[in-house]
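Analysis of the macromolecular model
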Amino acid sequence: MEKKDKKPLKELEEFGKKLVGDVEKGRNPTIEFSLRTLSNVVYDTKTKTLGLGEKQQQRTFFNVGHAKKFLQSLEVAKVSKNLLVAGKHASLRDVFYMAKRTIPQSNINIVDDQVESDKAIEDLEIITDCSREQLNINANKMGSVAGNVVIEDSGDTINWAKLGSGGWSIPSNVEDIELKSVKAKYVIYMEKQAVWERLHEDKFWEKQNCIIVTSQGQTTRGIRRLLQRLSQEHSLPIYVLADFDPWGFYIYSVLKFGSINLAHMSGSMTLQNARFLGISADDATNYDLKKHFIKFKDVDSTRLKQISDYDWFKKNKEWQRQFKMMKDFGAKLEIQALSSKGITFISDKYLPEKIKKGEFLD
Amino acid sequence: MAKEIEAETKETPIAYELAKRQKEISVAEFFTKNRHLLGFDNKRKALLMAVKEAVDNSLDACEEARVPPEISVEIIEMAEFKYKIIVEDNGPGIVKKQIPNIFAKLLYGSKFHTLKQARGQQGIGISAAVLYAQLTTGKPVKITSRVSKKEPALYYELNIDTQNNKPVIAKEETIEWAKEHGTKVELDLEAEYVKGSQSVDEYLKQTAVINPHVTIIYTNPKSEQIIYARATDKLPDEAKEIKPHPYGIELGMLIDKLRWTESRTLQSFLTSEFSRVGPGTAKEICEYAAVLPNTNPSQVSRDMAEKILQGIQKTKIIAPPTDCLSPIGNELLEKGLRKEIKAEFYCTTSRPPAVYRGNPFVIEVGVAFGGEIPKEEKVNILRFANRVPLLYQEGACGMAKAIMETNWKPYGLQQSNDSIPYGHAVIVVHMSSVWVPFTSESKEAIAHYAEIIKEIKLALQECGRLLGYYVRKKIRITEQIERANMFEKYIPEVAESLAVLANENKEKILQALQKMLVKPEIKKEIVEDDSDDKLYRMEFAKKNGEERQEAA
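Residues numbered from 1 in each chain as written. Chains lettered and ligands numbered in written order. Predicted model: local features only at pLDDT ≥ 70, side-chain atom pairs only at ≥ 80, totals over all residues.

Glancing now at the overall build of chain B. If you tally the helices and strands in chain B, you get 17 helices and 14 strands. Classification of the 552 residues of chain B by burial places 43% in the buried group. Sequence separation of at least 24 residues holds for 70% of the intrachain contacts in chain B that already meet a minimum separation of 6. (Helix = DSSP H or I, 4+ residues; strand = E, 2+ residues; numbered from the N terminus. Buried ≥ 20, exposed ≤ 12 C-beta atoms within 10 Å, placed from the backbone. Contact = placed C-beta atoms within 7 Å.)

Here it is as structure tokens:
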């Protein structure tokens, strides 16, 4: 067993021993941990990250409302311990199937849906103060990266500049990767795989001396951690390129401040120097994109309202200006709307111009 | 010109010609053509109606004679669509002189002119069945009757002279009969035998429910014998005959009564012809009507009669006496339900007497729940009027309306807005009255009088509350058992996980957890959740409030 696995194993064992202690004393076995809802998410103005507040929640076994979740928490803890002992990694999906079975002589499944085991794993992170990766549970690989970077991963040396059209696919756990040589001035992270392919085909990273990163939709933890390492270990600014809609804004928000869901992990994943490059409300005017507006639906308006009320955006005049303009437009824009100006417009003109002028939101 | 006049005078006006064809129609002839008005619309229904009329008569007769009824009903298939019905009772029998009139003359009976709770009302029933039998098979009705062991049994074969509505005696003799007293009716008629919700079988079963003091021995055309045994020897209290209450009288009726009365003054007319009218009340009525109390009733004009009617409405008169009613009572209704419907829970309500249009009536409601009653179907409604099952025209009936307008959800049944509820239950509604307001002569549905519907609803709510309490309790107990089971199932899983995590012995943890299951403070966690109960109590309070408002 490797040394770094010691802490999670110790934590899991302590967790078990505490509950066994409850049982031995004839007390209702109780798990106590930080409440993980928006009401207990606190924005720390000093570190500029989201964290969990003081509120605690209790999960007891002999309680009609808690019993099932209690059972699920223990189940994933058991799975994790077995993985750690065997030195194996499993995906979230694997864990779901390892926990999914019917309790003998009943019609009750320990978990019915992956959402349940995923939640139980997130809870376990708080309970043990270990990240999912430390517990040997990984998410699916979802992103690509390209640039003038050489790394070492599990004994293999990999050059991100020489991996053809697909680029390097980012694993869910990047802790053990060594960044051997990084030649870049900045990193661009984009929401859309298609845009990444565009920039990669145009050899944008080569021309501009940067690193391009993407995932599909919400940024996975592996990517967030990789971006953090690039930014911290090599002091690279991170530019975010997302759609001009509330969901695009939130992708930036998660990268920069942390997510509500994983507020307990913020420390290891937030990007203090992330900057929102576009698409901004001003781009819509400056680049004549208004004719490509997509009208807001009710959900868009609701989400925009929620985001503009978040503590970490509330006092930011620049962002509030963006929200207001979006609200006034009553419309959103996709990054790909730039293609109406020409297929390479984004790599030839838009991005270099924006970065040169320093047109971004902080 | 002259010619025309001649033609005119020669020809008599057409009206005289028409008058030759205008003549009295006998009741019997009228019903020959309108048999549906009496319920003989089709072969299936005809069989039911004939049995029903005979059984109703037998039950009324037995009860009047204070004999616990024992009735035998036999239906024999003679040919396709030809059946013979034999109904025999242990009643008082019928005297010789009356037999032909009772069975072979329409609108002849003892009950029409009295106000008293009875199954029959108009004196049409059995003679209509005889008329129908005669029309469809040409065969006479055969009657055997004996009034005491001192007298011989009489045997009659009767036809109806439809032109004159008179009995025609085809055969008359005295015979040997083992029974000391009783009556036996034999009818041959065109009919069809079926099973199901509107069958003779169902009618007799429901009769047994609502008449727990009756024994019925039934042999159906398939030669299956079913015995509905009595659950009590106690006969229903004898219903007293009452005079009409002034509030229920109508102008035509009042004028008729004024014409035929033997009283010499209006005041004595009012006191002797109506219930709850003493000299004081009579004077008050006359005062309001501005008619002298000593007016001779025969001198009262139509206008005066109308004034008297208005006077009656203005006068405060106490409600009619209720000893004319003989409801079943909570206990016996439940007995009746228990013996014929296999359920797990029964509740009944007997309301105090109420009045519509001057007629006293009593509503009784019973609910049977669970057991062998089908679960996912519409609730089965058993409707009764004066202890007679009503099998047809549920949709038109005031009882169904009251059930639909009652909110059954808080009582544990499913219901979409204002419709018959769904669920594991049978609902019984019984109306006893000196005059049940049917919507038609075939006596199938209760008219929608607001007073009646309100009473039915109140009774349904009373019963519903008891039902709701039971259903909630049942759900609660089931849930508690399920919960306790759930923990029992979870314990080995939890013990296994804890053993792995803490490197401990699984058995030890398992036993410790199982021991905890019976600890009082842990048990409380399993049992405590009674939000259902709270919700129910809230509904309950709300409903009660509504009721109080209605009452006010």
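The subject of this paragraph is the confidence of the model for chain A. Mean pLDDT over chain A stands at 88; residues scoring 70 or higher make up 98%. Within chain A, no element has a lower average pLDDT than strand β3 (residues 49-52) of chain A, which sits at 81, and none a higher one than strand β13 (residues 210-214) of chain A, at 94. (pLDDT = per-residue confidence, 0-100.)

Looking now at the environment of A:Phe345. Position of A:Phe345 relative to the elements: it lies in helix α13 (residues 345-357). With residues near it in sequence (within four places) discarded, A:Phe345 still touches A:Leu338, A:Ser339 and A:Tyr350.

Below, the discussion takes up the packing of helix α8 (residues 246-257) of chain A against helix α10 (residues 298-309) of chain A. Residue and element names in this part refer to chain A. The contact between α8 and α10 brings their axes to 9 Å, and the two run at 30°. When the interaxial angle is binned, α8 and α10 end up roughly parallel. Considering how the two elements wind past one another, α8 and α10 form a crossing that is left-handed. Between α8 and α10, the contacting residues are Pro246, Trp247, Phe249 and Tyr250 on the first element and Asp300, Arg303, Leu304 and Ile307 on the second. (Axes fitted to C-alpha atoms, helices over the stretch in contact; angles between N-to-C directions. Parallel < 35°, antiparallel > 145°, perpendicular 65-115°, else oblique. Left-handed = near helix turned anticlockwise from the far one by under 90°.)

Listed per partner, the contact involves 27 residues of chain A and 22 residues of chain B. Of all elements in the fold, only α1 (6-24) and α2 (67-86) of chain A reach the threshold of two or more residues within the side of chain A that touches chain B. Counting residues per element, the side of chain A that touches chain B draws most heavily on α1(A), which supplies nine residues. In terms of residue class, the side of chain A that touches chain B is made up of 15 nonpolar, six polar and six charged. (Nonpolar A, V, L, I, M, F, W, Y, C, P; charged D, E, K, R; others polar.)

This next bit is on the environment of A:Ile211. Residue and element names in this part refer to chain A. Relative to the helices and strands, isoleucine 211 resides in strand β13. For isoleucine 211, a count of 27 C-beta atoms within 10 Å translates into the label buried. Taking the C-alpha atoms as reference points, isoleucine 211 and histidine 200, eleven residues apart in sequence, are found 10.0 Å from one another. Setting aside chain neighbours within four positions, we find isoleucine 211 in contact with Val145, Gly147, Val149, Ala184, Val187, Trp205 and Leu230.

All names here are of chain A. If you walk across this open sheet you meet the six strands as β10-β7-β13-β12-β14-β15, and the pairing is mixed. Edge positions in the open sheet fall to β10 (168-170) and β15 (274-278), since each of these has one partner strand only. Taking the axes of each pair of neighbouring strands and ignoring which way they run, one obtains an average angle of 25° across the sheet. Pairing of strand β7 (residues 143-146) with β13 involves three bridges; the strand directions are antiparallel. Considered in β13, the bridge of serine 144 is made with threonine 214. (Pairing = 2+ DSSP bridges.)

Keep in mind that low pLDDT regions are not for reading the predicted coordinates in detail. All names here are of chain B. Confidence along chain B averages 86 in pLDDT terms, with 91% of residues attaining 70 or more. Confidence over residues 529-533 falls short of pLDDT 50; this stretch has seven contacts with residues more than four positions distant or in other chains. In the model output, the complex is listed with pTM 0.60 alongside ipTM 0.71.

All names here are of chain A. Put simply, α1 and α2 touch, their axes get as near as 10 Å, and they point 145° apart. Here α1 runs over α2; the crossing is left-handed. Here Pro8, Leu9, Leu12 and Phe15 of α1 come into contact with α2, specifically with Ala77, Ser80, Lys81 and Leu84. A per-class count over the contact of α1 with α2 returns six nonpolar, one polar and one charged.

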